[in-house]
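Reading the structure
Here's the letter readout for the chains.
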Amino acid sequence: MRPPLNLMAPDVRANPYPLYAQLRRGPVCQVEPGGMWAVSRYDDVVAVLKDTRRFSSVGLGRGFLPPWLARNPVASSLVMKDPPEHTRLRGLVSKAFSGPALQRLEAQVRTLAEELAEATVQQREVDFTAAFALPLPVRVLNLLFGLDPERWPDMRRWAEDLLSIPASQPTPERMEDIRRSIQEMEECFQVLIATRRARPGEDLVSELVRAESMTEDELMSFLFSLLPAGFETTAHLLSNTLLVLAQHPDELERVREDPRRIPLLIEEVLRYEPPAQSSLRLVTEDTDLGGVRIPRGALVAVLLGAALRDEQRFTEADRFHPGREAQAHLPFGHGIHFCLGAMLARMEARLGLEALFRRIRGVSLTRQEVQWSQSYIARGPLSLPLRWEPRV
Ligand code: HEM
């Protein structure tokens, strides 16, 4: 018997693209873990994400509510809702992530990026993930929430604890840590909401409080969900960019000479090494897809990472080529759940890279093998030891 195709196999986590190529040759089939149905071609991925009636997001929260956790507001977040509830909630929160809201944040994010870049480049050899890629998004979330800047290490611990919930059974001590983090977050957000209700400002929470039809529970749940949504993915985008540039020094040279190319660089990193590799959906009725019948109740892994290397859509899909003609919006999903933070993530990446590129001439890896995150949902290096060649 052929061994099952396993998204969690160590060689697949190190490099998932050969398996994705095999899956795209079709037909749609089951994979490990859990016998999920893998959808991998660009057109099939778009079709699934558009069809919220047959491919639902409700029920996905179960993984965030294991038996040892009595309550976790992330389990009922926006991303785990279907219309009409999703439509109503999304309408209430969208304004807080609009262009004008982000413009108000831009100068502060730039200052943060400059400070972090200065400290990171001063160390000739550095773990880029720990020094820059993780702190920048956490500190931006901290800004977005309008919390005391000194609280960002708490915010980071909370985000990491929330992200670790769907993983395997934790030890009793870890369970206690996670429960404590959730309680601390609840207390922090309750104070924040009460303060903004009493004296609204221009920040995210004030904007949400103004949407009076949002219940206290919905508001809390939304704030909770922003931590895991906005933290790891953005950190992976930054680390993946530096990794790809260390492997493609000619591209670094080009973008350093003309920083207006940074947005093109970011779009191609999002396609070539996407931080979000997969979305999940539950099938609501027996459904034919790619010539295969998927049964009602089945879990579908919508492999964004595979679709973004589909030769039917991208010429020389395995080549890193900023400025390529076919643009991909899939790295942030598609349809009603399209990432609410996409503009914010792109802004963070742009300002972060501008600040770094002003200070360096070159970058190289101090260790060739990369330790990748072990998730089939998100992809990025756990650490990224780099050596800078500073600008003289
Ligand atoms: C949804 C990717 C950054 C907030 C999504 C989805 C993807 C994604 C693929 C769709 C999930 C699905 O269809 O099941 C990314 C990537 C990011 C990023 C690659 C960084 C490079 C952020 C940031 C925030 C954020 C910075 C906010 C601070 C959200 C929210 C949703 C979402 C709230 C749910 C939207 C909905 O269900 O309507 N993201 N994201 N994301 N993202 Fe992001």
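Looking at an unreviewed UniProt entry, one finds the protein named Cytochrome P450, with Stigmatella aurantiaca as its source organism.

1. Some points on the confidence of the model for the protein
The predicted coordinates should not be examined in detail at positions where pLDDT is low. In the predicted model, the protein carries a mean pLDDT of 92, and 99% of its residues have values of at least 70. Reported for the predicted complex are a pTM of 0.96 and an ipTM of 0.99.

2. Regarding the sheet that holds strand β10 (residues 385-390)
One open sheet holds the three strands; their spatial order is β4-β10-β9, and the pairing between them is antiparallel. Sheet topology places β4 (125-127) and β9 (360-365) at the edges, where each strand pairs with a single neighbour. For this sheet, the mean inter-axis angle between neighbouring strands, taken without regard to orientation, is 35 degrees. Of the pairings in the sheet, the one linking β4 to β10 comprises three bridges and is antiparallel in character. Counted as the bridge partner of D127 is P385 from β10.

3. Brief notes about the site of the ligand
In the neighbourhood of the ligand, 22 residues make up the surrounding shell, with G230, T233, G333, C339 and G341 lying closest. Contributing elements (two or more residues each) for the shell around the ligand: α11 (216-247) and α15 (342-357).

4. Details of the packing of helix α9 (residues 172-198) against α11
Each packed pair of helices is defined by two parameters, the angle between the axes and the distance between the axes. Two elements in contact, α9 and α11, have axes whose closest approach is 11 Å; the angle formed by their N-to-C orientations is 120 degrees. Here α11 runs oblique to α9, going by the angle between their axes. Handedness of the crossing formed by α9 with α11: right-handed. Of α11, the residues touching α9 (which contributes M185, E186, F189 and I193) are L219, M220, L223 and F224.

Procedures and definitions
Residues numbered from 1 in each chain as written. Predicted model: local features only at pLDDT ≥ 70, side-chain atom pairs only at ≥ 80, totals over all residues. pLDDT = per-residue confidence, 0-100. Pairing = 2+ DSSP bridges. Helix = DSSP H or I, 4+ residues; strand = E, 2+ residues; numbered from the N terminus. Axes fitted to C-alpha atoms, helices over the stretch in contact; angles between N-to-C directions. Near = placed C-beta within 6 Å. Parallel < 35°, antiparallel > 145°, perpendicular 65-115°, else oblique. Left-handed = near helix turned anticlockwise from the far one by under 90°. Contact = placed C-beta atoms within 7 Å.

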